[in-house]
Amino acid sequence: MTAPDFSQARWHKSSRSNGGGAACVMVAHVPTVTGVADSKLGQNSPVLPFSKTAWTSFLDAIKSDRLDG
């Protein structure tokens, strides 16, 4: 399987990030997957890819408060 290309992706910072932007998660969507990265590491951040099904399941779990936290 070829790694997804996020080089041209448009990254969005979490609305829950702190005011200085030093502790936030970024998300980008490309045709086959959704990627999550850590803004503290900038361009050097590894990207965790999630399939459309996995990402949708994650969002559904958040919206229905099924995650511990």
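To keep things clear, this report deals only with the structure shown in the data block. Since the structure is predicted, the reported quantities are computational estimates derived from the model, not experimental observations. (Residues numbered from 1 in each chain as written. Predicted model: local features only at pLDDT ≥ 70, side-chain atom pairs only at ≥ 80, totals over all residues. Heavy atoms only, no water.)

## Considering the sheet that holds strand S3 (residues 33-38)
Strand order in the open sheet made by the 4 strands is S1-S2-S3-S4, with antiparallel pairing throughout. Each end of this open sheet is capped by a strand with a single partner; those strands are strand S1 (12-13) and strand S4 (48-51). Where strand S2 (residues 25-29) meets S3, 5 bridges bridge the pair, whose relative direction is antiparallel. Note on S3: the bridge partner recorded for Val25 is Asp38. Relative to S4, helix H1 (residues 52-63) is tilted by about 90°, and along the sheet it contacts S2, S3 and S4. (Pairing = 2+ DSSP bridges. Helix = DSSP H or I, 4+ residues; strand = E, 2+ residues; numbered from the N terminus. Contact = heavy atoms within 4.5 Å. Axes fitted to C-alpha atoms, helices over the stretch in contact; angles between N-to-C directions.)

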